[in-house]
Amino acid sequence: MKKNCKLNNIRSLFVGSAPSLRGRAGGEAVLSFLLLLSTLLFQSCLKDQEDIFDKSSSLRMQEVLDKTKATLTSNENGWALDYYPDRNLTYGGIAYAIQFKGTEATVYSQEYEKSETSLYKLTNDDGPVLSFDSYNSVMHAYATPSSDEYEAQDGDFEFIIMDVQDDLITLKGKRNGNTMYMHRLNKPAEDYINDVLDIKEKMRSSKYAFVIDNDTIIVKRNLNVFTFTNPKDAKNIDIPFVTTATGFEFYDSVDIMGKNVTGFTYSEDGIWANPADKSVALVSLPLTLPEILMTNTWSIVASGMSETALKYFNVAKEGSAAEGETINYMILGPNDITGLGSINGYSGAFGFTFTSGNYKGSLLIDAEELTDDIITFNFAYIGEGNGVWYYNNAKYNWIISALCGAKGATYTLTADDPKNPTYIKMQQIENPEIYFTVYNGLIAEPFDK
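Below is a summary of the structure that appears in this document.

Rules used throughout
Here, residues in each chain are numbered from 1, in the same order as that chain's written sequence. Reporting in this predicted model follows two pLDDT cut-offs: at least 70 for local features of residues, and 80 or more for side-chain atom pairs to be given and counted; totals over whole chains, interfaces and linings ignore these cut-offs and use all residues. Derived side-chain values reflect all non-hydrogen atoms in the structure, with water molecules and hydrogen atoms excluded from consideration. The helix and strand labels rest on DSSP assignments: H or I over at least four residues marks a helix, E over at least two residues marks a strand, and numbering proceeds from the N terminus. A 1.4 Å probe rolled over the protein chains alone gives each residue an accessible area, and that area as a share of the maximum for its type sets the label: buried under 20%, exposed over 50%, partly exposed in between. Any pair of residues with heavy atoms lying within 4.5 Å of one another is described as a contacting pair. Throughout, the Shrake-Rupley method with a 1.4 Å probe supplies accessible areas, and for residues the shown protein chains are the sole cover considered. Only when DSSP finds a minimum of two bridges between them are two strands counted as paired. Fitted lines through C-alpha atoms give the axes, limited to the stretch in contact for helices. The angle between two N-to-C directions lies from 0 to 180 degrees. Each Phe, Tyr or Trp ring (for Trp, its six-membered ring) is paired with any other whose centre lies within 6.5 Å, and the angle between the two planes then decides the class: stacked below 30 degrees, edge-to-face above 60, tilted in between. Here the expected span of a helix is defined as 1.5 Å times the quantity of residues minus one. What the arc covers is the set of directions going from the helix axis to the C-beta atoms. When a carboxyl oxygen of Asp or Glu is within 4 Å of a side-chain nitrogen of Lys or Arg, the pair counts as a salt bridge. Buried Ala, Val, Leu, Ile, Met, Phe, Trp, Tyr and Cys residues that are joined via side-chain atoms within 4.5 Å together make up what is termed a nonpolar core.

On to the overall build of the chain. Helix and strand content of the chain: eight helices and 25 strands. Relative to its 449 residues, the chain shows a buried fraction of 40%. For the chain, long-range pairs separated by at least 24 residues make up 53% of all intrachain contacts whose partners lie at least 6 apart in sequence. Accessible surface computed for the chain: about 24,100 Å², of which carbon and sulfur atoms make up 49%.

Encoded structure:
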């Protein structure tokens, strides 16, 4: 036990018990005695504190770093890293796998087709730190700034080492402060990432639900974050998660209607149970036609329009021609579209998206499902990229007039396959002479099709 080394307690030993010594000599005698006693006790206190640690702080730090390196390099398969960029957990988690050999680390990610090898180091920076300080495009993907994101995506490539076990290493992002875990792999890192991608595809859905006993709660997903409305207080709850080789694992456990939920494990029956309490499951729900329309990429082509609708679109075609341009793509759906260059960086909002010559833009539409086969469109008066310029200067307002009408438009939807359509026909209820057949995927040169 630690000795009580407070000097106030030393003084209290003598209050009321010291001999009454009057005059200067007596006072000096008492003072000298007290100083001598306090010095002896203080030295004893220091000696006791020195006995707490038998090693210097620098030696203890080096032992932590040595243990970490030995643990990291002890497994040829590598380590899975549940990586969480952004201190607000906006993106959810990203699956990484890292193989450590000597001073090099080979990094895999579910977001990249190829791995990349670079240097890493273990260093003391106000604590033990694992640092990937040699540039690695995979490891630094969320930490590299750009002209659009000068703070990047709040990702880390330096991690404070919080705890080291044989099978689990706990890290903390030095920049964003997120807790992250590294798990020892029992298969090569590349195989692990392939398994993650397989599970990601098998558990992919645009519509989910939590099934808890006899209750069903609809769940929305944005990137790797689930959102649901708590039935108890009607508040929205966000659940960041990461995809693993076995299912979805939450950043932290969540209370859902009194159940402790930590994630969901994949099974072929489509009922993905929570490992902590199997009375809670995640299921994929079939989408309605309006939901399918709003969550996928659909191409608009001239041959799929009615004559009345085509007249409106031809005005915009002439508007682009007046700028010396040709309309290359006309798309309905979320505007964050892979395959159209910089458009893969827009907000992902629903609307009409286009490319005209070398220019790209979108005009956003507020879409609302009324029934399983009826949807309404209203122009949101918002654009991204060059959308607003073309609306005001190249007569793209005519396209919006055809799609949304003057005061909104309502459509009846039909498809070749209601569950997995390759095309959807949209017929306007207010004016049945306006209809469109939109086709799944990207189709170039829409006025030639």
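After presenting the structure, the write-up continues.
On to unusual backbone geometry, then. Here the phi dihedral of Asp 126 falls at roughly 55 degrees; this positive angle occurs in a residue that is not glycine. One non-glycine residue, Met 257, lies in positive phi territory at about 50 degrees. Relative to the helices and strands, Met 257 resides in the loop between strand E14 (247–256) and strand E15 (259–265).

Before going further, it helps to spend a moment on the sheet that holds strand E2 (residues 94–101). Ordered by their spatial adjacency, nine strands build an open sheet running E4-E3-E2-E1-E9-E8-E7-E6-E5, and the pairing between neighbours is antiparallel. Lying at the two open borders of the sheet, with one neighbouring strand each, are strand E4 (116–119) and strand E5 (121–124). Each strand of the sheet is rotated relative to its neighbour by a mean of 35 degrees, with strand direction disregarded. As paired elements, strand E3 (residues 104–109) and E4 share four bridges and run antiparallel to each other. Along E4, the bridge assignment pairs Ala 105 with Ser 118. Helix H3 (residues 57–73) contacts strand E1 (79–83), E2, E5, strand E6 (128–131), strand E7 (158–164), strand E8 (168–173) and strand E9 (179–184) of the sheet and is inclined by roughly 165 degrees relative to E5. Sheet contacts for helix H4 (residues 189–202): E1, E2 and E3; angle to E2, the most-contacted strand, approximately 175 degrees.

Right, let's get into the packing of aromatic side chains. Within a pair of aromatic rings, the relevant descriptors are the distance that separates the centres and the angle that separates the planes. Applying the stated criterion across every chain yields a total of 31 aromatic pairs. With 5.4 Å between their ring centres and 75 degrees between their planes, Phe 210 and Phe 228 make a pair best called edge-to-face. You can see Phe 210 sitting in strand E10 (residues 208–212) and its partner Phe 228 sitting in strand E12 (residues 225–229), a full 18 residues away along the chain. You'll find Phe 210 and Phe 228 in the same group, each marked buried.

The first and last C-alpha atoms of H4 sit 20 Å apart over 14 residues, in line with the 20 Å expected at 1.5 Å per residue. The set of residues buried in H4 consists of Ala 189, Tyr 192, Ile 193, Val 196 and Ile 199. Along the axis of H4, the buried positions cluster into a sector of 120 degrees, meaning they face one direction only. Tucked inside the fold, the buried residues of H4 contact E1, E2, E3, strand E13 (236–243) and E14.

Moving on to the pattern of salt bridges. Scanning all chains against the criterion turns up 12 salt bridges. Residue Asp 125 pairs with Lys 174 through a salt bridge whose shortest N-O separation is 2.1 Å. In this pair, Asp 125 sits in the loop between E5 and E6 while Lys 174 sits in the loop between E8 and E9, placing the two residues 49 residues apart along the sequence. Shared partners join several salt bridges into a network, and the residues in it are Arg 87, Asp 154 and Arg 175.

Looking now at the sheet that holds strand E18 (residues 298–305). The eight strands lie next to each other as E18-E19-E20-E21-E22-E23-E24-E25, forming a closed barrel whose pairing is antiparallel. Averaged over all pairs of adjacent strands, the angle between their axes in this sheet comes to 35 degrees, without regard to strand direction.

Looking now at the nonpolar core. With 38 residues, the main nonpolar core has Leu 293, Phe 313, Leu 332, Phe 377, Tyr 396 and Phe 436 as its most contacted residues. Ranked by the residues each element gives to this core, the list is headed by helix H8 (residues 397–404), at five residues. Among all residues touching Phe 377, those that are not within four sequence positions of it are Leu 293, Leu 332, Phe 350, Ile 365, Asp 366, Ala 367, Leu 403, Cys 404, Gly 408, Ala 409, Tyr 411 and Met 426. Core analysis: the next-biggest nonpolar cluster, separate from the first, contains 26 residues, Met 61, Leu 65, Val 107 and Met 139 among them.

Our next topic: the pairing of E8. The pairing of E7 with E8 spans five bridges and is classified as antiparallel. The residue of E8 that forms the bridge with Ile 161 is Leu 171. Turn length for the E7-E8 hairpin, with the two strands adjacent in sequence and antiparallel, is three residues. Where E8 and E9 come together, five bridges link them in antiparallel fashion. Residue pairing across strands places Leu 171 opposite Met 180, the latter belonging to E9. The antiparallel hairpin formed by E8 and E9 contains five residues in its connecting segment, where Gly 177 sits at a positive phi of about 80 degrees.

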